[in-house]
Amino acid sequence: MEDESHVLSRATMPGFDHTNEVETLTQVPNSRVPVPTLERLATYLRLLHDLDQAHIETVSSSEVERQTGINAAQFRKDLSYFGEFGKPGVGYNVPELRQRITRILKIDRPKPVILIGAGNLGSALVGYPGLKEHQFELVAVFDNNYGKIGRPLWNLVIQDIARLKELNDSLKARIAILAVPASAAQDVCERLVDAGIRAILNFAPVLLRVPEGVYVRNVSFIQELAVLSYHLSEEEERERQQNGHNQADMAESHLTTLAAYAAAVEPEVPDRTEAPIES
Ligand code: ATP
């Protein structure tokens, strides 16, 4: 579902000189890191976070492969964009690698995030502890429903979307999570940009139009479920065909018995006058 054309399409990340054996992070301006690499870095970071919590000090690239499904060579290649990591035969020091990836992804200090849409999804996200664990600090939640505005939501109070620009002048959030219905998403997106937001995590099933310099990542549960469902139905179809094949001989041998039974029982004529079922 990856659409790299508008996702971080203008992103530049500082790269690091890896011709040097010493573990220094030398910035190379204007070098570009592919978005899939950035995504994998975030996956490594999640694993490193878990290993660190479990007080595991070193990890090998094959262990990373086992735990993330990303192959060991790819892991080493991804890291090679940023310098020398790990020691042959020893592996990677977990806290150190975690810290370095955190710095690369620029999440080594808390980042204020705002959320728009205190509905079912938005409310669940506000309560998700993983945001804070990864230094994304949810500083405000906005809605346009007067039945919700002013109500507490976890540790926040739902704010009126009309005050978005005014409040964000002091909050200085540059990242927003958009959890409003599709019909409201573009309008809210424009308000966000006007309020200084430069990166949007969009849960609304709609493609947002944003000006230069604003990045959007789309999260679509339904799209993901549809792809899973497609894989499953393909598999089920294969199984059906396989079973059909295996049972063909058996069915053949039953046919004679069935035919004899059908001949013995008076067939019931179905009533075709009932209304068709609405889909
Ligand atoms: P609920 O039924 O409680 O509103 P929901 O998740 O079913 O929850 P949605 O219709 O998906 O509701 O809307 C999500 C949230 O977005 C709601 O809280 C709604 O009030 C809010 N919302 C809708 N339009 C806007 C808008 N233009 N600005 C800000 N918030 C909005």
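This write-up is about the structure you can find in this document. Counting restarts for each chain: residues are numbered from 1 in the order of the written sequence. pLDDT decides what is reported in this predicted model: residues at 70 or higher carry local features, side-chain atom pairs at 80 or more are listed and counted, and totals for whole chains, interfaces and linings draw on all residues regardless.

1. Regarding helix α4 (residues 94–104)
Note the following rule: Counting other C-beta atoms within 10 Å of a residue's own tells you its class, since 20 or more makes it buried, 12 or fewer makes it exposed, and anything in between is partly exposed; those C-beta atoms are placed from the backbone. To qualify as a helix, a DSSP run of H or I must reach at least 4 residues; to qualify as a strand, a run of E must reach at least 2; elements of each kind are numbered from the N terminus. When we speak of the arc, we mean the arc of directions from the helix axis to the C-beta atoms. C-beta atoms are placed from the backbone for every residue, and two residues are taken to be in contact when these atoms lie within 7 Å.
Turning to α4, its buried residues are Val-94, Leu-97, Arg-100, Ile-101 and Ile-104. Down the axis of α4, the buried set is contained in an arc of 135 degrees. They therefore lie on one face. On its buried face, α4 is in contact with α1 (35–53), β3 (58–59) and β4 (92–93). Two residues or fewer past α4, Lys-106 is found with a positive phi of approximately 60 degrees.

2. Thoughts on the site of the ligand
To keep things clear, this is the line we draw: For each residue, a C-beta atom is placed from the backbone, and the residue is labelled near a molecule or strand when this atom is within 6 Å of it. Each residue is assigned to one of three groups, with Ala, Val, Leu, Ile, Met, Phe, Trp, Tyr, Cys and Pro labelled nonpolar, Asp, Glu, Lys and Arg labelled charged, and all others, Gly among them, labelled polar.
The immediate surroundings of the ligand are formed by 18 residues, with Gly-117, Gly-119, Asn-144, Asn-145 and Ala-184 found nearest. When residues of the shell around the ligand are traced back to their parent elements, those giving at least two are α5 (120–126) and α8 (182–194). The residue inventory of the shell around the ligand, partitioned by class, reads 9 nonpolar, 6 polar and 3 charged.

3. Details of the nonpolar core
Under the convention used in this document: As used here, a nonpolar core is made of buried Ala, Val, Leu, Ile, Met, Phe, Trp, Tyr and Cys residues. They are joined through C-beta atoms within 7 Å.
Counting residues in hydrophobic clusters, the biggest one holds 30 residues, and the most contacted among them are Ile-114, Leu-115, Ile-116, Ala-176, Leu-178 and Ala-179. Breaking this core down by element, the ones donating at least two residues are β5 (111–116), β6 (136–143), β9 (175–178), α8 and β10 (199–202). Apart from residues no more than four positions distant in its own chain, Ala-179 is found in contact with Leu-115, Ile-116, Gly-117, Gly-119, Leu-121, Gly-122, Leu-125 and Phe-203. Ranked by size, the runner-up nonpolar core spans 14 residues in total, among them Tyr-44, Leu-48, Leu-79 and Ile-104.

4. What to know about the sheet that holds β6
Worth spelling out the cut-off: Only strands joined by at least two bridges in the DSSP assignment are considered to pair.
The 7 strands lie next to each other as β7-β8-β6-β5-β9-β10-β11, forming an open sheet whose pairing is mixed. If you trace the sheet from one side to the other, it starts and ends with β7 (152–153) and β11 (215–218), each paired once. Pairing between β7 and strand β8 (residues 156–160): 2 bridges, direction antiparallel. Paired with Pro-152 across the bridge in β8 is Val-157.

5. So, the packing of helix α2 (residues 61–68) against helix α3 (residues 72–80)
Defined as follows: Note on geometry: axes are C-alpha line fits, over the in-contact stretch for helices, and angles between N-to-C directions span 0 to 180 degrees. Here is the rule for angles: anything less than 35 degrees is roughly parallel, anything more than 145 is roughly antiparallel, 65 through 115 is roughly perpendicular, and the remaining ranges are oblique. Left-handed describes a crossing whose near helix is turned anticlockwise from the far helix through less than a right angle; right-handed describes the clockwise counterpart.
Where α2 contacts α3, the axes come no closer than 8 Å and their chain directions differ by 110 degrees. Taken together, the axes of α2 and α3 lie roughly perpendicular to each other. As α2 runs across α3, the sense of the crossing is right-handed. Two secondary-structure elements touch here, α2 through Ser-61, Ser-62, Val-64 and Glu-65 and α3 through Ala-72, Phe-75 and Arg-76. By residue class, the composition of the contact of α2 with α3 is 3 nonpolar, 2 polar and 2 charged.

6. Section: the environment of Gln-186
Note that Gln-186 resides in helix α8. Classification of Gln-186 as partly exposed rests on a count of 16 C-beta atoms within 10 Å. It is 8.2 Å that separates the C-alpha atoms of Gln-186 and Val-206, two residues lying 20 residues apart in sequence. Those residues within four positions of Gln-186 in sequence are excluded, and the remaining contacts are Val-206, Leu-208 and Arg-209.

7. A closer look at the packing of α1 against α2
One can describe the packing of α1 onto α2 by two numbers: an axis separation of 11 Å at closest approach and a directional angle of 100 degrees. Of the possible angle classes, the one that applies to α1 and α2 is roughly perpendicular. Of the residues in α2, those touching α1 at Thr-43, Tyr-44 and Leu-47 are Val-64, Gln-67 and Thr-68. Its residues assigned to classes, the contact of α1 with α2 comprises 3 nonpolar, 3 polar and no charged.

8. Points about unusual backbone geometry
Phi at Gln-135 is positive, roughly 70 degrees, even though this residue is not glycine. In this structure Gln-135 comes out as partly exposed when scored by C-beta crowding, with 15 C-beta atoms within 10 Å. Of note in this structure, Trp-154 is not a glycine but carries a positive phi near 55 degrees. With respect to the helices and strands, the residue Trp-154 is situated in the loop between β7 and β8. By C-beta crowding, Trp-154 is classed as exposed, having 11 other C-beta atoms within 10 Å.

9. With respect to the pairing of β9
Quick reminder of the rule: Think of it like this: strands point away, you trace from the first strand over the helix to the second, and a clockwise trace means the crossover is right-handed.
The pairing of β5 with β9 spans 4 bridges and is parallel. Looking at the pairing, Ile-114 lines up with Ala-176 of β9. Note that β9 and β10 share 4 bridges and pair parallel. Looking across to β10, one finds that Ile-177 is bridged to Leu-201. Note that the unit made of β9, α8 and β10 has a crossover that is right-handed.

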